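The residues making up each chain are set out below.
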Amino acid sequence: MAMKAGREYGVAGMVAIGKPGANGGRFFIQVDGARALTPAEIEAQNAARKRAEMEAARKTAELQRLAREMFGAAVPHAHAAAAYFYDRGVKSMTAGDRLPACIRYSTSLDYFMDGAKGEPGPAIVAAVTDAAGAVVAVHRIYLALDRSPTTRAAQDCGLPGAQ
C-alpha cells in the first residue's frame, strides 16, 4: 500500500480507518471524504427497502382489488355505453351493439380527484387485464347524464402510480 500524507491507501484511494478488531472487527472505509456504510447501516437500509417494497405490493394489491370490485359492479352491454362510443364517432358500433366484454357501464361510480371524493355519477369502466385474463386495473370514463364527457378526467385504478 502507498503512503500519502501519513495515511495508508489501498485500492482506488480508499483509506482504512481504525484498527483491526476495532468496532467489533468492522472497518470504516473512507473514499474522498465519504464513509462506507457499516454492516448495521446496510442492514437497516435493506430492512427499510423491504418495508417499502412490501407497502408498495400491499397498495398495488388493494388497488387491484378495488379495480376488480368496480368492474364486477358495472353491467356489461349497457345501451348508454354503446351510445357514448357511437356518439363519439365509433360508427362501426351502433347504439344497439353489444360492447366487448372488457367494457362495462356503471350508473353510479364514485369519483375521486386528487384523493378527494366527488359526486358519484355514470361512467364507462374498461378492464385492463394481465396475460392470464385477470383484471388488474380499470380505466374509467365519467359521463354526464346526457352521455357527454364531463370535465372530470378519465382515471386509471389498479396499476402502480395510477389514481
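Quick note: structure is the one above.
Being a predicted model, the structure only gives us computed values, none of them experimental.

Rules and cut-offs
Residues numbered from 1 in each chain as written. Predicted model: local features only at pLDDT ≥ 70, side-chain atom pairs only at ≥ 80, totals over all residues. Heavy atoms only, no water. Helix = DSSP H or I, 4+ residues; strand = E, 2+ residues; numbered from the N terminus. Buried < 20%, exposed > 50% of the residue type's maximum accessible area, 1.4 Å probe, protein only. Contact = heavy atoms within 4.5 Å. Phe/Tyr/Trp six-rings, centres within 6.5 Å; stacked < 30°, edge-to-face > 60°. Lys NZ or Arg CZ within 6 Å of the ring centre and 35° of its normal. Pairing = 2+ DSSP bridges.

Enquirer: I would appreciate a short explanation of the overall build of the protein in the present structure.
Expert: Helices and strands together make up the secondary structure of the protein, namely three helices and 10 strands. Secondary structure elements in the protein, listed N-terminal to C-terminal, are β-β-β-α-β-β-α-β-α-β-β-β-β. Among the 163 residues that make up the protein, the fraction classed as buried is 24%. Intrachain contacts of the protein at a sequence separation of at least 6 include 34% that bridge at least 24 residues.

Enquirer: Mind showing me how you'd approach the packing of aromatic side chains here?
Expert: How two aromatic rings sit relative to each other is set out by the distance from centre to centre and by the angle between their planes. Scanning all chains against the criterion turns up two aromatic pairs. Measuring from centroid to centroid gives 5.3 Å for Tyr 84 and Phe 85, while their planes differ by 80°, and the two rings are edge-to-face. Taken individually, Tyr 84 and Phe 85 each receive the classification buried, so the pair is uniform in this respect. Ring geometry for Tyr 111 against Tyr 142: centres 4.7 Å apart, planes inclined by 90°, an arrangement best described as edge-to-face. Note that Tyr 111 is positioned in strand β7 (residues 103-113) and Tyr 142 in strand β9 (residues 135-142), a separation of 31 residues in sequence. The burial state of Tyr 111 is the same as that of Tyr 142; both residues are buried. Above the plane of the ring of Phe 71 lies Arg 104, whose end atom (NZ or CZ) is 4.1 Å from the centre.

Enquirer: Looking at this structure, I do not really get the pairing of β7. What am I missing?
Expert: The side chains of a regular strand alternate between the sheet's two faces. In the sheet, strand β6 (residues 75-76) pairs with β7 via two bridges, with the strands oriented antiparallel. Residue pairing in the sheet places Pro 76 in a bridge with Arg 104 of β7. Linking two consecutive strands that pair antiparallel, namely β7 and strand β8 (residues 116-129), is a turn of two residues; a positive phi of about 55° is found at Asp 114 within it.

Enquirer: For this particular structure, what's the right way to read helix α3 (residues 79-87)?
Expert: Every α-helix carries 3.6 residues per turn, so stepping three or four residues along brings you back to the same face. All of the buried residues in α3 are Ala 80, Ala 81, Ala 82, Ala 83, Tyr 84 and Phe 85. Where α3 is buried, its residues contact β7, β8 and β9. Downstream of α3 by one or two residues, Gly 89 has phi in the positive range, about 100°.

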